[in-house]
Structures are given as C-alpha cells and as structure tokens.
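# Structure at a glance
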Amino acid sequence: MPRTAVPAAAAAAATAVAVRAFSASHSARAPKIDVALIAKLRKDTQCTISKAKEALLAVTQPGMAAADVHAAAVEWLLKDIAESGAKKAAKVSDRVTAEGLVAVFADPAAAAAAMVEINSETDFVAKSDLFSDLAARVCRAVAEAPADRARPPAPLAVVEPEEILESPFAWPAGDAATVRAAFTETIGKLGENIRLRRAIVARADAPAVLGVYAHAGGESRPAGLGRFGCVVVLAADAPLSPDHRPAVAAMARKVAQHATGFAPKAIHPRLAASAEDPLAVAPEEALLHQDFLFGGGSVADALAAFSAQIGVNVAVTDFVRFACGEGIEKKKENFAEEVMKQAGM
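As the structure is a computational prediction, the values presented were derived from the model and not from experiment. (Residues numbered from 1 in each chain as written. Predicted model: local features only at pLDDT ≥ 70, side-chain atom pairs only at ≥ 80, totals over all residues. Heavy atoms only, no water.)

### A look at the sheet that holds strand S6 (residues 194-203)
Rules: Strand pairing is assigned whenever DSSP identifies at least 2 bridges connecting the two strands. By definition, any uninterrupted DSSP run of H or I lasting at least four residues is a helix, any uninterrupted run of E lasting at least two residues is a strand, and each is numbered from the N terminus. The contact criterion used throughout is that any non-hydrogen atoms of two residues lie within 4.5 Å. Between N-to-C directions, angles span 0 to 180 degrees; the directions come from axes that are lines fitted to C-alpha atoms, helices contributing only their stretch in contact.
Spatially, S3-S6-S2-S1-S8 is the arrangement adopted by the 5 strands of the open sheet, whose pairing is antiparallel. If you trace the sheet from one side to the other, it starts and ends with strand S3 (156-158) and strand S8 (225-226), each paired once. Across 9 bridges, strand S1 (residues 99-107) lies against strand S2 (residues 112-120) in antiparallel orientation. Residue pairing in the sheet places Ala106 in a bridge with Ala113 of S2. Sitting on the sheet, helix H6 (residues 129-144) is in contact with S1, S2, S6 and S8, with an inclination near 145 degrees to S2.

Pasting the structure below:
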C-alpha cells in the first residue's frame, strides 16, 4: 500500500467530521425562518424574497415573538433601503431616462388638478406596480399641495421638479419623509435611474372647470396613467349651477381626451408668427378647428352646441399636453455589438 494512502484516508475522515460539525453548529445558530413572516414582510415593504430572508436572519433572536421579529425586520429593511437606494441613485444618476409615465389627477371638489412626467430607463420598469404607484402618488401630492401665494395666479402653472422633490411625502413603501426620499427608495428597489422631469398644477376659480385625461396606448394601467396626458381648463361666462358642473366636467374631460389624441399646438390658429409668439399654427393644428373626437363637427362647434344646451357659454382658455419622453434623445444601441461584447469578441 502506498505511504500516502493512510494520510489521505485520514484526511478524508477528518474532513467529513469537520463538515458534520460545521453543519450541526450552523444549524444550531441559524434561526428557522417562518414562511408566513417572509410573505408578510414582502407585502408590507415590497422587498424581494432574498432581502426578506436576509432581514429576518439579521434580527431574529431565540424566543422573540413573531410581531417583534416583523417590526425589527421592517426597521432593518428601511435602513437598508435608504442606504442602498442612495448608493444606487448616485451610481445611475447619469443614465438616460426616456421611458416612463405621464400621470394626471383632478380633484373636482378643490378645483385642482396636476400632471407629471416621471421617466425611467426602460419600459419594463415603467410597467411595474411600484413605478406606477410612485407616479400616481406624486401627481396627487402636487395637485393637493397648498397653493403657492408667491407664484403669480394662473390657471395652469409650471412647478419646478426641485420644489416637488423637497416636499413632504407619505410613501407607504418605506415611509419616506420627502418625495426625493421616495424616489431614492424606488431606485434602490428597481435598480434603474428614475427622474421627475416636469410637472404642472392647475387651479380653477368657480366659473371654470378642469378636465384631465391620460392615454395608456392599449396597455393595462390604472386610471390616470399613460404615455400621453392632458389638462384642460374650461371657463364659463357665468356661474355654473350644481346641476351643470358635472356636465361641464364631463365635457372638459372629453376635450382633454381629444387633445391627448390629436396633439393640437394651440387653441386658435396663428397663421403668422410674431415676436411675442414665434410659432405659427395652421388651422388643422389648432384645437378649436380640429374635428371633435366625439363628433358634432369641430371642437368649436361641439362647445357651441354644449353651451346652448346648458344656457352658459363655455370656452377652452388653456391646455397643456405631455408626451412621455418627447424631446429626449434615446441612446442608440447595436444589439449585435452588445452580444459580441458579452461574448468577449
């Protein structure tokens, strides 16, 4: 028998003993994770399975009640999300965001509305529930924020993204204190750059009504979210009765839906440019001259007939339309080159 046979056998036996000892020791130290706790943690924080397990392993101590384990795991996750989200946000901040969503929201009782565009790197992320929820909640927060008295009064006003990002915000995914913190958490979870590109807020006096619409392009999305959106202001020349306001609100929404689809450049045609308004608008590009989406002639004809019906003249005084990603130069990628690069060629 070769001299090495005995040492080799002894080494193998020693290794087996060590492995059994380690396994027994590891099993004794590692707490058993309750599957129900993993499910609850994922539901409450929208974390991944692996992250839920990591959190539970980090906080679970012998004899802890399930409720205490869950509370400690949530606290651990919130801290981890904040730290990892900040790192991820800094890492991806220079990436192009040309996909995303347009969100609209209207509060008839407060005569307020808003529209925001939030961008992502890919359409895949834009379709996620977390991204959709963020867009919808941010838009509603913009609409419901107290009116800024320092801003000149106007039916439609641009709101700077920085102003929104620093606003207080109740983000259920992680109880973020500000809109910016909610964006950071979302970036950490989805792994992509997400940016609030632009926003408008609309506030109408009593004789005016706001209409909003978002078009999802045939995709299944919650109401108020899509690739295109519009906010319209319809003003009346006399006070509207409580019976008339719902009808005017419905007409405002129809006009917003029309403008979303037909992309008018102005309310009226402008055949010649001027120093104050350098863009000429042909009749077919003017909202009131376009054939109304819902029939009845042009938009102007439909509004005239509607005004006669309710006994109050109603007119479009302003509108804004967003198309997600418009004006953003998308990164051009060569798929064949990317495959070759990954193959080391």
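Moving on from the model shown.
### Regarding the environment of Glu99
So the rule is basically this: Buried means the residue's accessible area, taken with a 1.4 Å probe over protein chains only, is under 20% of the maximum for its type, while exposed means over 50%, and partly exposed covers the values in between. Each polar contact in these results corresponds to two N or O atoms within 3.5 Å; when the atoms are within protein, one needs to be able to donate a hydrogen and the other to accept it, and residues that are neighboring in sequence are counted only if both atoms are side-chain atoms.
Residue placement: Glu99 occurs in strand S1. For Glu99, a relative accessible area of 16% translates into the label buried. For the pair Glu99 and Ile328, spaced 229 residues apart in sequence, the C-alpha to C-alpha distance is 9.4 Å. A polar contact of 3.2 Å, which involves the side chain of Glu99, links it to the side chain of Arg227.

### Details of helix H2 (residues 35-45)
What counts, and what does not: The arc in question is the one traced by the directions running from the helix axis out to the C-beta atoms.
Buried residues of H2: Leu37, Ile38, Leu41 and Thr45, and no others. Buried residues of H2, seen end-on, are gathered within an arc of 100 degrees and therefore sit on one face of the element. Exposed side chains of H2 directed beyond 90 degrees from the buried face belong to Val35 and Lys43.

### Considering the sheet that holds strand S7 (residues 208-215)
Taken together, the 3 strands give an open sheet; going across it, the order is S7-S9-S10, and neighbouring strands pair in antiparallel fashion. Each end of this open sheet is capped by a strand with a single partner; those strands are S7 and strand S10 (314-323). Averaged over all adjacent pairs, the angle separating strand axes in this sheet is 15 degrees, with direction ignored. The pairing of S7 with strand S9 (residues 228-236) spans 8 bridges and is antiparallel. Opposite His215, over in S9, you have Phe228 as the bridge partner. Against the sheet, helix H9 (residues 245-262) touches S7, S9 and S10, its axis set at about 40 degrees to S7.

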